[in-house]
Protein chains: 2
Amino acid sequence: VVKRDVTRVVTPGTLTDESLLNDEQVNPCASVVFHGDDTASIAWAELSTGAFQLVTVAAAEVGDELARINPSELLYCETADGAAPPRIAELPLDCPRTGRPGWQFRMGEAVDALRKQYRVATLGGFGLQDDDPALAAAGGLLAYLLETQRNDDGVLAHLRPPKTFARTQHLIVDQASLASLEVEQTLRATDTDGSLLAVLRRGGSSGGCVTAMGKRRLRDWLCYPLADRAAIEDRQRVVQALVDDSRFADELAGALDGVHDVPRIIARLAVGRALPRDLVALGKSAGQAEALENVLAERPSVAPYHQRLAELLSVLVDLADRIQSACKDEGIPAHLRDGGLFRDGHDKQLDEYRTLQRDSNVWLANYQKDLIEETGVSSLKVGYNKVFGYYIELSAINSQKIKDDDQRFALWTRKQTLKNAERFITPQLKEFEGKVLSAEGRAIAREQHLFAELCGVCEKQIDTLHAFADTAADLDVLLCFGRRAARHRYVKPTLTDEPGLNVVGGRHPVLDELLGDRYVPNDVSLGVMSDELTVMSEESKDSSLVTRHSSLPQSGPSLALITGPNMAGKSTYIRMTALIALLAHTGSFVPAKSATVGLCDRIFTRVGAHDELHAGRSTFMVEMTETANICHHATDRSLVILDEIGRGTSTLDGLSLAWAIAEHLADVGCRCLFATHYHELTTLADPAVGGERAARIANLNVSVREWNDEIVFLHRIVAGATDRSYGIHVAKIAGLPDGVVDRAHQLLGELAVNHEGMAPKAAP
Amino acid sequence: VVKRDVTRVVTPGTLTDESLLNDEQVNPCASVVFHGDDTASIAWAELSTGAFQLVTVAAAEVGDELARINPSELLYCETADGAAPPRIAELPLDCPRTGRPGWQFRMGEAVDALRKQYRVATLGGFGLQDDDPALAAAGGLLAYLLETQRNDDGVLAHLRPPKTFARTQHLIVDQASLASLEVEQTLRATDTDGSLLAVLRRGGSSGGCVTAMGKRRLRDWLCYPLADRAAIEDRQRVVQALVDDSRFADELAGALDGVHDVPRIIARLAVGRALPRDLVALGKSAGQAEALENVLAERPSVAPYHQRLAELLSVLVDLADRIQSACKDEGIPAHLRDGGLFRDGHDKQLDEYRTLQRDSNVWLANYQKDLIEETGVSSLKVGYNKVFGYYIELSAINSQKIKDDDQRFALWTRKQTLKNAERFITPQLKEFEGKVLSAEGRAIAREQHLFAELCGVCEKQIDTLHAFADTAADLDVLLCFGRRAARHRYVKPTLTDEPGLNVVGGRHPVLDELLGDRYVPNDVSLGVMSDELTVMSEESKDSSLVTRHSSLPQSGPSLALITGPNMAGKSTYIRMTALIALLAHTGSFVPAKSATVGLCDRIFTRVGAHDELHAGRSTFMVEMTETANICHHATDRSLVILDEIGRGTSTLDGLSLAWAIAEHLADVGCRCLFATHYHELTTLADPAVGGERAARIANLNVSVREWNDEIVFLHRIVAGATDRSYGIHVAKIAGLPDGVVDRAHQLLGELAVNHEGMAPKAAP
């Protein structure tokens, strides 16, 4: 009887097994604690990599923050009635929510648990005050992880000390914006194909991320772009070096290629579920440290990375040596119980047991030969089966001889009777069996012992291994950026502190790759103009957007109203702008001829018609909720992208709202692209209507050519309010009766005349 | 060596095998011939049922007509270069298009081929002139079917004579309208679940269609509603009888229950691919004719059906008798080669062969007994295997005896040597084997002969069987209508020749079932008022729509403008109206308290935002193309449903177009529901703006209540222009900053004031 015990509890947030995890995706378990009505703390840890982070945010932002973390499981402090409190239940997450006992979230218990886990007397060493409110969430989370993992010493060796997530170091992109920019997933299908992340990660023929760690890190960098200019420029420097020196890029790719998913291997080691191949992969990965160090050496752009790596090198080389000298390179057993992980010659005792096993085959062949001679039965066989062990087999007829010759075969014992044969055992064979079976068992036990020993050695170096994995992941993402920039003609964006955004020949990173030469690049100019905008192509000089650059003063309009027919490229243009700004904040180069990006504090987008019903709210309600969020939080350092605000209601209501929102955002001074069907709004740029505000507002439109009674969209954005919309023209082409088209023209004329006086006065 | 030959070519349009066909779906093969630029003919046949139809339509309507036919394969006259001509390639169909030689579509060849197929000297008997242009299409189709089926006599026995499809007898519902009303498929997914067809077909716990033929017929009736009042009322009469007499309905369901898919069985019979179970099913089905006749007898409402059936009865009863007396009821073999379809006693010769087979077991047992006695070997066995036939088996030891006793066993021949046994054959056994095996073979050959004979008998009655299947299919759909009407409180619509549409307490047939009591019924009143609108419920009396009935003159507005916020039920209301009108034309009762429906010539709908790009055309272009089609073809007998026309362009363009279209449709005088966000349009109902036309236009709106700062949609349509739209209110609830909301209010006030004078003058 095998002793059975619950050794761990498997929950969505606590998976560590390779087969259950996608190596491109993170799998965090999060816990949330509300502090009154104002703030809340979130702690999240990834058991599969050991990452552990904390953040305290405004209560209203919990949903957004959790959506970015994208936990597989959410823990909360359960209430008396067992139901999730409304503010937990209302969080817009797909993951299961698990209620946990309240005491685990109490500060005192939490601090004790953390001290015990990390075997420290104070959490100060981790940069945490003992009264940091986020510790409550961390305590609840830790208690859960320990409970599900059930290891004896009450400690999760690979769980790294909690790090306070520095929100101020990151540009904030709310979940609605990440979704509508299709950063992680496309809007249409909730899969990752066609998203910015997928396009970067895959990278096409050359490029993309090399390691699984890099793929996950890329997701982090895209979802949490940097806010700090120096930090971004540090990354840009490496990307530039990789662009300038393709040999560097190739060598780096080569060095990273042998690095396996180190954090996940460590996690499996720590929870005692590592497999032989994990150990071998860890050895190989650590062995790449030297190659990596060689690539980084003497290259100033990556000096910090080189230094970090150099500090780890001796430990890693030692570890790689120990593992690689102990374990085989090939033919690694799937499970330790199959035996055969360790090399011959590595361990004397193991070698002895193995010799015994190998020699046994010779002994058996000799023994069989002897018995055939002795009995005169040439069909005599010595065999083995799992249930009965070793045996001598004789056909029924021959076995009679044995039974008849009592004296000679007195020591033969019948073991098993088959239809046409009988099986016997002899004392000699019995003795041999004992020796062989125990040799095999002992060999496996010995391998297990050696394996545990070696794992123990690795576990002692968890910090070093984590640091190595971190460095490799960063380098992998930078390599991905570098190779993409080189291959797809990306340019280094100039980062400024002035709130401007100036792009020449910008392309949408995903559509650019999809459409190739058919993609029409466009310029963007918002807010403060840049001196550096001198690189202009032939093509760009045609564009009225750019000619304006030279004639205009240093500070241009911050809000651009974009009018023009459907399908002409308005949505692509505004999304492109947001994605270029987003990429610029990750340290990546951007798909453009030249780009100057004033640092943003937030990027907001309200794009695309969600025609589906979210929790029973109408499309218009969703649109207004998202817009309200933008109006409340946009600052003069934000970038705001709005598409067709006010469509879901009556004309006048919609126009009034769009107008008031445009005025509000112009006053805020955020950089804003505002695509609209309400041509009435274009008068805002007229000082007679818009007053002082008019200077802050520009009109853009999509150029359209009529050609043989067809409308051709040039997908080019040009300055100026559109002189006409093509609605009636399209209707005519679509075949509406002439009478109806003529009447619509007439009505349009009358409406337009009446409309002259219709523009509201400038707001106070 | 088996002689192999191509016996048929399988193509998407010529399937007959049960396993490849869905019994709820039709599977026609169509062919199209254009006659110059103006007209075109379509022929379509279903090889799996034998249906064969022709129609000649305007060239522009070919796409619509084909979409309704929904062919699995489309044949066309191929051009010199082998490519499909543009007007074939551009047809909006999913099915494969097959080019065919031009000569097959030539009139002379076509007429000859048809004469040969039906063995007639003239096609006049089928109501076809020899110069009917549609014959060209029919000829091309027939040539293809014959070529793919390759039967020897150059005739497809089960293909019925071509019937000219009488377009004038049907209400025309174009493909876009069928799609947006979700008659066959839902808009979201291209599957049938949730469509009107699926809901009716399934019918829930009781109801729905009983037979496969009925399920296919129901689809025809929904896609081709009737235009002729008398024909509709004939159907209504049967439905009413089924509603009034639930025993009748139950009996009819019982009688239909045993009727299998007769047309498809006939088709398999005719092409020589019928299986034993097909024949048995045909017998059972024909046997139900008597039961069906009994149910129909003495019921005046179904007298025409009874008469039709009575004429067929003797043939069907005879056929059923012949099949049922010949074939077993149970244990029917899957294939004829397994034998055992026919009853014992049915055929003397078959009985003989079977006796021989059966008796052989006795003979064998006796023979074995004799041999055991003779040889003294009790383990002797007489057996059979497929490869070696019959044998006598002896163990190796015993077999030696036989070999030793040359004399006694001289006639024993060794046949096979096994490991521990040997097998022999004797002349007696050999002789027996010949007899038995040939008896088995002969029995199967005899069964095949009998089967072919019986199939031949059935084939002679193909016309009768088709007529029976037709009648059963009609009755099945009527039964489905009747049971639905009874179960879901449907009411018989009064059909009038005046162009009016008056519904009290109407419900959407699909949502009504989905939402149950939560569904809010609504009234409709368009065009001429009905005298019969006297049945009004308590509830309906509240409704302002209905109170207007009594006070208004006999002819009311024909066009209703519906304003009101999103999500309040506008779309459901207008779709409900179209579906009730559609159902009324099929002969079905309708989900309402009372309904008077003036006969329509067409139903048009332009509903829902197709946000996807069809062949590169923008949403707005699609919208305008569909609207142009409506403007061109709507008459004063049409019903037109328009939802949010003009949204995809600028405000003024959209408003001008919507206004001009509304005027046009009001002038046409078609019954029209026009849902719009352009509140400006509501002034059209004001004589000061709309002039004389104002009398033809009504305003409706969706009632909304504000409740604790929330908006509650009552889903109730009431008379009058809406006094306000809730756009700014919703924006406020959504959390837009107070400043912005206040400014929007202020702007709205200014716009509204300016707007007073903005309404265009009445059109000339």
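Residues numbered from 1 in each chain as written. Chains lettered and ligands numbered in written order. Predicted model: local features only at pLDDT ≥ 70, side-chain atom pairs only at ≥ 80, totals over all residues. Heavy atoms only, no water.

(A) Broad picture of the packing of helix α11 (residues 276-296) of chain B against helix α16 (residues 462-487) of chain B. Residues and elements named next belong to chain B. The interhelical angle for the contact between α11 and α16, taken along N-to-C directions, is 55°, at an axis separation of 11 Å. When the axes of α11 and α16 are compared, the pair comes out oblique. The two elements α11 and α16 meet at a crossing, and its hand is left-handed. Judged by residue contacts, L282, S285, A286, A289, L292 and L296 of α11 engage L465, F468 and L475 from α16. For the contact of α11 with α16, the class distribution of residues is 8 nonpolar, 1 polar and no charged. (Axes fitted to C-alpha atoms, helices over the stretch in contact; angles between N-to-C directions. Helix = DSSP H or I, 4+ residues; strand = E, 2+ residues; numbered from the N terminus. Parallel < 35°, antiparallel > 145°, perpendicular 65-115°, else oblique. Left-handed = near helix turned anticlockwise from the far one by under 90°. Contact = heavy atoms within 4.5 Å. Nonpolar A, V, L, I, M, F, W, Y, C, P; charged D, E, K, R; others polar.)

(B) Quick look at the packing of aromatic side chains. Counted under the stated rule, the structure contains 16 aromatic pairs over all chains. With 5.3 Å between their ring centres and 80° between their planes, Y118 of chain B and F126 of chain B make a pair best called edge-to-face. What makes Y118 of chain B buried here is its relative accessible area of 12%. Using a relative accessible area of 25% as the deciding quantity, one classes F126 of chain B as partly exposed. Among the aromatic side chains, those forming a connected cluster through ring pairs are W363, Y367, Y390 and F432 of chain A. Above the ring of W221 of chain A, the side-chain terminus of R235 of chain A is found at 3.4 Å from the ring centroid. (Phe/Tyr/Trp six-rings, centres within 6.5 Å; stacked < 30°, edge-to-face > 60°. Buried < 20%, exposed > 50% of the residue type's maximum accessible area, 1.4 Å probe, protein only. Lys NZ or Arg CZ within 6 Å of the ring centre and 35° of its normal.)

(C) Geometry of helix α8 (residues 229-244) of chain B. All names here are of chain B. Here α8 is 16 residues long and its end C-alpha atoms lie 22 Å apart, about the 22 Å a rise of 1.5 Å per residue gives. Among the residues of α8, I232, R235, Q236, V238, V239, A241 and L242 are the ones counted as buried. The inward-facing, buried residues of α8 contact α7 (212-223), α9 (246-257), α12 (303-326), α16, β12 (494-496) and α20 (570-586). (Expected span 1.5 Å × (residues − 1).)

(D) Layout of the packing of helix α12 (residues 303-326) of chain A against helix α16 (residues 462-487) of chain A. All names here are of chain A. Two elements in contact, α12 and α16, have axes separated by 9 Å at closest approach and are oriented at 130°. Put simply, α12 runs oblique to α16. With respect to the hand of their crossing, α12 and α16 are arranged in left-handed fashion. In this structure, α12 contributes Y305, R308, L309, L312, V315, L316 and L319 to the contact, and α16 contributes T464, L465, A467, F468, T471, D474, L475 and L478. Here the residues of the contact of α12 with α16 are counted per class, giving 11 nonpolar, 2 polar and 2 charged.

(E) Summary view of the pairing of strand β16 (residues 594-598) of chain B. Across the 5 residues that make up β16 of chain B, a large majority, 5, are buried. By the alternation rule, side chains of β16 of chain B split into S594, T596 and G598 of chain B and A595 and V597 of chain B, which are all buried.

(F) Representation of the confidence of the model for chain A in the model. Residues and elements named next belong to chain A. Of all residues in chain A, 88% have pLDDT values of 70 or greater, and the mean over the chain is 83. Predicted confidence in chain A is weakest over helix α19 (residues 544-551), with a mean pLDDT of 44, and strongest over helix α8 (residues 229-244), with 95. pLDDT under 50 marks residues 532-544. Its contacts with residues more than four places away, or in other chains, come to 23 contacts. In the model, residues 546-553 has pLDDT below 50 throughout and makes 13 contacts with residues more than four positions away in sequence or in other chains. (pLDDT = per-residue confidence, 0-100.)

(G) Structural view of the pattern of salt bridges. Evaluation of the coordinates by the stated rule reveals 71 salt bridges over all chains. E513 of chain A is the partner of R484 of chain A in a salt bridge, and the nearest nitrogen-oxygen pair spans 2.7 Å. Highlighted residues: R484 of chain A in helix α16 and E513 of chain A in helix α17 (residues 509-515), separated in sequence by 29 residues. The salt bridge partner of R299 of chain B is E251 of chain B, with a shortest N-O separation of 3.1 Å. Remark: E251 of chain B occurs in helix α9 and R299 of chain B occurs in the loop between α11 and α12; sequence separation between them is 48 residues. (Salt bridge = Lys/Arg side-chain N within 4 Å of Asp/Glu carboxyl O.)

(H) Representation of the sheet that holds strand β4 (residues 73-77) of chain A in the model. Residues and elements named next belong to chain A. Strand order in this open sheet of 6 strands is β5-β4-β1-β2-β3-β6, and the pairing throughout is mixed. A single partner strand is all that each edge strand has here, and the edge strands are β5 (97-100) and β6 (163-164). Strands β1 (29-35), β2 (39-45), β3 (52-58) and β4 of the sheet are contacted by helix α1 (residues 62-69), whose axis makes an angle of about 10° with β2. Of the strands in this sheet, β1, β2, β3, β4 and β5 are in contact with helix α4 (residues 134-149), which crosses β2 at around 35°. (Pairing = 2+ DSSP bridges.)

(I) Up close: empty space enclosed by the protein. In total, this model carries 9 cavities of 30 Å³ or more according to the counting rule given. Considering only enclosed or pocket space, the largest cavity measures out at about 170 Å³ in volume. If you go around the largest cavity, you meet 14 residues; those closest to its centre are R647, T649 and Y678 of chain A together with R647 and Y678 of chain B. Taken together, the residues that form the lining of the largest cavity break down as 2 nonpolar, 9 polar and 3 charged. Estimates place the volume of the second largest cavity at around 60 Å³. If you trace the second largest cavity, you find it lined by E65, R68, F165, R167, H170, L171, I172, V173, C223 and Y224 of chain B. The set of elements that each furnish at least two residues to the lining of the second largest cavity consists of α1 (62-69) and β7 (172-173) of chain B. Taken together, the residues of the lining of the second largest cavity sort by class into 6 nonpolar, 1 polar and 3 charged. (1 Å grid on protein atoms, 1.4 Å probe; cavity = no way out; pocket = protein on both sides within 12 Å on 5 of 7 lines; lining within 4 Å. Points joined across faces, edges and corners; volume = space filled by probe spheres on them.)

(J) Looking closely at the pairing of β4 of chain A. Residues and elements named next belong to chain A. Judged by how many residues are buried, β4 sits mostly within the fold: 4 of 5 residues are covered. Note that β4 and β5 share 4 bridges and pair parallel. Looking across to β5, one finds that L74 is bridged to R97.

(K) Region of interest: the sheet that holds strand β8 (residues 381-385) of chain A. Residue and element names in this part refer to chain A. Pairing is antiparallel across the open sheet formed by 4 strands, whose spatial order is β8-β9-β11-β10. Where the open sheet ends on each side, the last strands, each with one partner, are β8 and β10 (413-417). Here the strands of the sheet are splayed against their neighbours by 40° on average, with no regard to which way each runs. Across 5 bridges, β8 lies against strand β9 (residues 389-395) in antiparallel orientation. Among the inter-strand pairings, G383 is bridged to a residue of β9, identified as Y391.

(L) Seen up close, unusual backbone geometry. Residue and element names in this part refer to chain B. Although it is not a glycine, N70 sits at a positive phi angle of roughly 55°. With respect to the helices and strands, the residue N70 is situated in the loop between α1 and β4 (73-77). In this structure, R119 takes a positive phi of about 55° despite not being glycine. For R119, the location among the structural elements is in the loop between α3 (107-118) and α4 (134-149). A residue is classified by how much of its surface remains accessible, and R119, at 61% relative accessible area, is exposed.

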